[in-house]
Amino acid sequence: MKEKQSEKEQHQQRVYDSIFGLLPSIDNPTPLVRVRKLAPNPQVHLYAKLEWYNPFGSVKDRAAWNMLQDLEARGELSAERGIVEPTSGNTGISLAGMAGARGYNVRCVIPNRVPEEKKTLLRVVGAELDVVRDDICPAPGLGDGSINIAKTHAKASAHKYVMPNQYENRLNLEAHIRTTGPEIWRQTKGQVTHVFVALGTCGTVSGLGTYFREKNSNVKLYAVQPSEGHDIPGLRNVSQLDVSALYDESLIEEVLEIDYEVAYQRAAELNRQEGLMASPCCGLIFEGACRILLDVQDAVAVMIFPDSVLKYASIMEKHLWPQIRETEQ
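Now for a look at the structure at hand. (Residues numbered from 1 in each chain as written. Predicted model: local features only at pLDDT ≥ 70, side-chain atom pairs only at ≥ 80, totals over all residues. Heavy atoms only, no water.)

### Quick word on the overall build of the chain
1) Next: When helices and strands are tallied, the chain shows ten helices and ten strands.
2) Next: For a compact globule of 329 residues, the expected C-alpha radius of gyration is about 20 Å, and the chain comes in at 19 Å, within 12% of that figure.
3) Next: Across its three principal axes, the chain shows a C-alpha extent of roughly 55 × 50 × 45 Å.
4) Next: Long-range pairs, those at least 24 residues apart, make up 71% of the contacts in the chain with a sequence separation of at least 6.
5) Next: Distance from the positive charge centre (36 side chains) to the negative charge centre (42 side chains) of the chain: 4 Å. (Helix = DSSP H or I, 4+ residues; strand = E, 2+ residues; numbered from the N terminus. Rg over C-alpha atoms; globule rule 2.2 N^0.38 Å. Contact = heavy atoms within 4.5 Å. Lys, Arg positive; Asp, Glu negative; His and termini not counted. Charge placed at Lys NZ, Arg CZ, Asp CG, Glu CD.)

### Quick notes on helix H7 (residues 203-215)
1) Next: For H7, spanning 13 residues, the distance from its first C-alpha to its last is 18 Å, which sits close to the expected 18 Å at 1.5 Å a residue.
2) Next: All of the buried residues in H7 are Gly203, Thr204, Val205, Ser206, Gly207, Leu208, Gly209, Tyr211 and Phe212.
3) Next: In this structure, the buried side of H7 is in contact with helix H6 (170-187), strand E7 (194-198), strand E8 (220-226) and strand E10 (299-305). (Expected span 1.5 Å × (residues − 1). Buried < 20%, exposed > 50% of the residue type's maximum accessible area, 1.4 Å probe, protein only.)

### With respect to the sheet that holds strand E2 (residues 44-50)
Through backbone hydrogen bonds, the strands of a sheet pair up, either in parallel or in antiparallel fashion.
1) Next: Strands sit in the order E1-E2-E10-E7-E8-E9 across an open sheet of six strands; the sheet is mixed. Each of the sheet's edge strands pairs with one partner strand only, and the pair in question is strand E1 (32-34) and strand E9 (254-258). Sheet twist, expressed as the average angle between the axes of neighbouring strands with direction ignored, equals 25°.
2) Next: In this sheet, E2 lies alongside E1 in antiparallel orientation, the contact comprising three bridges. Each bridged residue has a counterpart across the sheet, and for Val33 the counterpart in E2 is Ala48.
3) Next: Across the face of the sheet, H6 comes into contact with E1, E2 and E10 while running at roughly 140° to E2.
4) Next: Sheet contacts for helix H9 (residues 280-293): E2, E7, E8, E9 and E10; angle to E7, the most-contacted strand, approximately 145°. (Pairing = 2+ DSSP bridges. Axes fitted to C-alpha atoms, helices over the stretch in contact; angles between N-to-C directions.)

### A short note on empty space enclosed by the protein
1) Next: Evaluation of the coordinates by the stated rule reveals one cavity of 30 Å³ or more.
2) Next: By volume, the largest cavity is sized at about 360 Å³.
3) Next: Elements with a minimum of two residues in the lining of the largest cavity: helix H3 (90-102), E7, H7 and H9.
4) Next: A breakdown of the residues in the lining of the largest cavity according to their chemical character gives 14 nonpolar, eleven polar and four charged. (1 Å grid on protein atoms, 1.4 Å probe; cavity = no way out; pocket = protein on both sides within 12 Å on 5 of 7 lines; lining within 4 Å. Points joined across faces, edges and corners; volume = space filled by probe spheres on them. Nonpolar A, V, L, I, M, F, W, Y, C, P; charged D, E, K, R; others polar.)

### Looking at the packing of helix H8 (residues 260-273) against H9
1) Next: The N-to-C vectors of H8 and H9 enclose an angle of 95°; their axes lie 7 Å apart at closest approach. The angle between H8 and H9 places the two elements in the roughly perpendicular class. Contacts between H8 and H9 pair Val262, Ala263, Tyr264, Arg266, Ala267 and Leu270 from the former with Pro280, Cys282, Gly283, Leu284, Phe286, Glu287 and Cys290 from the latter.
2) Next: Here the contact of H8 with H9 is built from residues that sort into ten nonpolar, one polar and two charged. (Parallel < 35°, antiparallel > 145°, perpendicular 65-115°, else oblique.)

### Some points on the nonpolar core
1) Next: Within the largest apolar cluster, 42 residues are counted, with the highest numbers of intra-cluster contacts made by Leu46, Phe196, Phe286, Leu293, Met303 and Phe305.
2) Next: Within the residue set of this core, elements represented by two or more residues are E2, E7, E8, E9, H8, H9, E10 and helix H10 (313-328).
3) Next: For this core, the element with the most residues is H9, which contributes nine residues.
4) Next: The residues touching Leu46, leaving out its near neighbours within four places in the chain, are Val33, Arg34, Val35, Pro40, Phe286, Ala289, Leu293, Ala301 and Met303. (Core = buried A, V, L, I, M, F, W, Y, C linked by side-chain atoms within 4.5 Å.)

### Details of the layout of surface pockets
1) Next: One number sums up the size of the largest pocket: a volume of about 350 Å³.
2) Next: Lining the largest pocket are 19 residues, with Glu7, Phe20, Gly21, Leu23 and Trp65 positioned closest to its centre.
3) Next: It is helix H2 (residues 60-73) that provides the largest number of residues to the lining of the largest pocket, a total of four residues.
4) Next: Partitioned by chemical class, the residues of the lining of the largest pocket number six nonpolar, seven polar and six charged.
5) Next: Approximately 190 Å³ is the volume found for the second largest pocket.
6) Next: The wall of the second largest pocket is formed by 14 residues, among which Arg213, Ser217, Val219, Leu221 and Leu251 lie closest to the centre.
7) Next: Among the secondary structure elements, those contributing two or more residues to the lining of the second largest pocket are H7 and E8.
8) Next: With four residues, H7 is the single largest residue contributor to the lining of the second largest pocket.

Here it is as structure tokens:
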């Protein structure tokens, strides 16, 4: 155990020099699990890519690591100068966990409507929080929006903070060109025909769209959005995408709108019938995939499941409480 292992040996033995060895790559992909009982069509192989297997619990590990490495390479970070970032939870958790392990401080500006579970996790991994009145996701807003407050910290206290800005930073989408896309291609042996994602910062959708346009333009990429008025943290519908500089509609086959209440129902079904610890976002994506694949023949479809239900227990209970009460009585 004293000799330094190669990356290949670390993955084979699952023994790592640090937590960063667990980050996903083509040689260490997050798993694909086939959906069987709830599959909409026996002619379709429908897979969930379980991003909660990332070491900090979500798909945002990919973008966070890409952005953090870039800041380090440019000499932007030190023990005295850390990171400030607006977040609905996942990117903040990833950045704070990684930065703490590298010796940097992180300050997260987070909307007050984000579930308490996420706020608690942010504090656990060492983030300093500004909890502000904002939408369920950080909005550009005027004056006191999460994004503007984070930008103010980065400008007024430039000696203390640098802001990666996941909404504008192309390293966000490049992480998916470099890792998520190649992982899917190898895991499906190049047979993937459909990919389903949600809309948030748009790093995932634009990164995968770019990758598959170059790798195989026949792969169809679908984006799934919640109906307006939703309360699913991290997600946006197209009407809210002025916040993102990464959205490229030309890469998408179709944008599907799903009633956000359905997302909670479908997430519960995935948990109860497939054993998949799916969050509301996963439920939304799954419903979108089912609608497209109902009459499709011989497809190999992959859904990006961003994170697990564990961060959403209270909001799941809120939406499913009537059902839970009926079951318990």
